[in-house]
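Single-letter residue listing:
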Amino acid sequence: MSATLRVRVWRGAAQGGFQAFEVPRHASQTVLDVVTYIQRSLDPTLAYRFACRVGMCGSCAMTVNGAPRWTCRTHVDRVAGNGALEIAPLRNLPVIRDLVTDMREFFDKLARAKGYFHGRLSKKDDFAQVKPDSPARVQADAGIECIGCAVCYSACDVVKWNPDYLGPAALNRAWTLVNDERDAAKEERLRAVAGDAGCHACHTHMSCTERCPKHISPTAAIAGLKREVAALFVKTG
Amino acid sequence: MSAKTQTYLWLIQRLSAAVLALCVLVHLATLIYAVRGGLSAAEILGRTRGNLAWFAFYSIFVFAVTLHVPIGLRAVLSEWLGWRGAGRDLALLGFGVLLAWGGMRAVMAVFL
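Please read all numbers here as calculations on a predicted model, not as lab measurements.

Parameters at a glance
- All chains use their own residue numbering, which begins from 1 and follows the written sequence.
- A letter from A marks each chain and a number from 1 marks each ligand, given out in the order of writing.
- Only residues with pLDDT of at least 70 are given local features in this predicted model, and only at 80 or more are side-chain atom pairs given and counted; all residues enter the totals for whole chains, interfaces and linings.
- By definition, residue pairs are in contact when their C-beta atoms, positioned from the backbone, come within 7 Å.
- In this description a helix means any DSSP run of H or I spanning at least four residues, a strand means any run of E spanning at least two, and both kinds are numbered starting from the N terminus.
- Following the grouping adopted for this structure description, the nonpolar residues are Ala, Val, Leu, Ile, Met, Phe, Trp, Tyr, Cys and Pro, the charged ones are Asp, Glu, Lys and Arg, and the polar ones are all others, Gly among them.
- To sort residues by exposure, count the other C-beta atoms lying within 10 Å of each residue's C-beta; 20 or more gives buried, 12 or fewer gives exposed, and values between give partly exposed, all with C-beta atoms placed from the backbone.
- What makes two strands pair is DSSP finding at least two bridges between them.
- Each domain's extent was defined by an automatic or database domain assignment.
- Convention adopted: a line fitted to C-alpha atoms gives each axis, helices being fitted over their contacting stretch, and angles between N-to-C directions are expressed from 0 to 180 degrees.

Asker: Can you walk me through the interface of chain A and chain B in this structure?
Answerer: Where interface size is quoted, it is often the accessible area lost as the parts come together. At the interface, 12 residues of chain A touch 10 residues of chain B. Top contributing element to the side of chain A that touches chain B by residue count: helix α10 (residues 218-236) of chain A, with 4 residues. Residues belonging to the side of chain A that touches chain B are distributed by class as follows: 5 nonpolar, 4 polar and 3 charged.

Here you go:
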């Protein structure tokens, strides 16, 4: 292990360039540690975003050596074998400054996919009982741990080619709700995720599944939505 | 175009792909069999002319191509060239008609 890392960090917004830094290398160092070191010791004007540092909040995702990753849980040893790191903002989102992207569109698409729970019970009703091993619940559980980091959204080529495409995270969220037997808006949600801007635009490249730090498979969720939406339209005409 | 129509297009493309997978296999197997047997063009025509089974098979083949290709090109045109909207769909409808005409012309050439 060399004593220092050669780090190139994106500076600017849509227009800009990479700035080189030398950062001391440590054991068990994460990419977020590297960015934090640069901001605290080398250049306080560097803008980046983080919160929990333990892989829960989904705010520190960046493009590391060409691939989107959660930087707080990405060890330098895993991605910078030759001692070089290139850190850029996430792809497919507008850059505000340096490593900070504007995630409004990403979250707006979660709303557009009706990625929110719509219950049918009131507080007067008893708790809904859901069997943990029922097939629908197993499907929902497979995608429920999404932290909204936008790594999948950044990895997706269809998002790049078709800016209206809802993207893997929003569709994965929709699929968890379609499989939530307590939810009352299944049909409405299936209609919201249909067609060219929705699940049927997915080409099954599986970049989202390959990159998801939580090992979720949005590809599988989207495949499920494709089938359910098609079945709904065939049934209802 | 409504999301429902887009969903139907997706469904038609998947169904036509399934038909094409079978058609291509039968077509290739027949091709290899005919070549290995050393059949001449005249002998092949002798078998296809007036044969309703081959006519039906290749008509289905052409029909599946006519459905499958324009729908696939629709995504290619919008994603790679940024061409979207009714103009693209109309052009693809025209292309589909061209495929059907060319395909059926070839089918008729070996049937009649």
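Asker: Any chance you could explain the environment of Pro218 of chain A here in plain terms?
Answerer: Residue and element names in this part refer to chain A. With respect to the helices, strands and loops of the structure, Pro218 is situated in helix α10. On the neighbour-count criterion, Pro218 (29 C-beta atoms within 10 Å) is buried. Remark: the alpha-carbon pair of Pro218 and Arg69, spanning 149 residues in sequence, is separated by 16 Å. Ignoring anything within four residues of it in the chain, the contact list for Pro218 reads Cys152, Pro168, Ala169, Leu171, Asn172, Cys208, Thr209 and Cys212.

Asker: Would you mind showing me how to read the pairing of strand β5 (residues 84-88) of chain A here?
Answerer: The two faces of a sheet get side chains in turn, since along a regular strand they alternate between them. Residue and element names in this part refer to chain A. Along β5, the buried face is formed by Leu85 and Ile87; none of Ala84, Glu86 and Ala88, which line the opposite face, is buried. Two elements, strand β1 (residues 4-12) and β5, share 4 bridges in a ladder whose sense is parallel. Of the residues in β5, the one forming a bridge with Arg6 is Ala84. Pairing analysis gives 2 bridges linking strand β3 (residues 61-64) to β5, with the strands arranged antiparallel. Across the sheet, the residue bridging to Val64 is Ile87, located in β5.

Asker: Mind showing me how you'd approach the environment of Gly16 of chain A here?
Answerer: Residue and element names in this part refer to chain A. Mapping Gly16 onto the fold places it in strand β2 (residues 16-24). You can call Gly16 partly exposed: it has 14 C-beta atoms within 10 Å. Residues Gly16 and Arg97, 81 residues apart in the sequence, show an inter-C-alpha distance of 9.4 Å. Setting aside its immediate chain neighbours within four residues, Gly16 contacts Trp10 and Arg11.

Asker: What is the right way to look at the domain arrangement of chain A in this model?
Answerer: Residue and element names in this part refer to chain A. The domain architecture assigned to chain A consists of domain 1 (4-101) and domain 2 (104-236). Each of domain 1 and domain 2 has a C-alpha centre, and these two points are 29 Å apart. Of the residues lining the interface, 15 residues belong to domain 1; the matching set on domain 2 comes to 15 residues. For the side of domain 1 that touches domain 2, the secondary-structure elements that each account for two or more residues are β3 and β4 (67-70). Considering each element in turn, the side of domain 1 that touches domain 2 owes the most residues, 4 residues, to β4. Its residues assigned to classes, the side of domain 1 that touches domain 2 comprises 8 nonpolar, 4 polar and 3 charged.

Asker: Explain unusual backbone geometry here, please?
Answerer: Negative phi is the rule for most residues except glycine; trans is the rule for most peptide bonds. All names here are of chain A. Positive phi is not limited to glycine here, since Lys114 has a value of about 55°. When you line up the elements, Lys114 lands in the loop between α3 (104-112) and α4 (135-143). Classification of Lys114 as buried rests on a count of 22 C-beta atoms within 10 Å.

Asker: Just checking my understanding: could you explain the sheet that holds β1 of chain A for this structure?
Answerer: Sheet strands pair via backbone hydrogen bonds, and the direction of the pair is either parallel or antiparallel. Residue and element names in this part refer to chain A. Ordered in space as β2-β1-β5-β3-β4, the 5 strands form an open sheet in which the pairing is mixed. At either end of the open sheet lies a strand with only one pairing partner, and these are β2 and β4. Between one strand and the next, the sheet's axes are offset by a mean angle of 35°, whatever the strand orientation. Two elements, β3 and β4, share 4 bridges in a ladder whose sense is antiparallel. Considered in β4, the bridge of Thr63 is made with Pro68.

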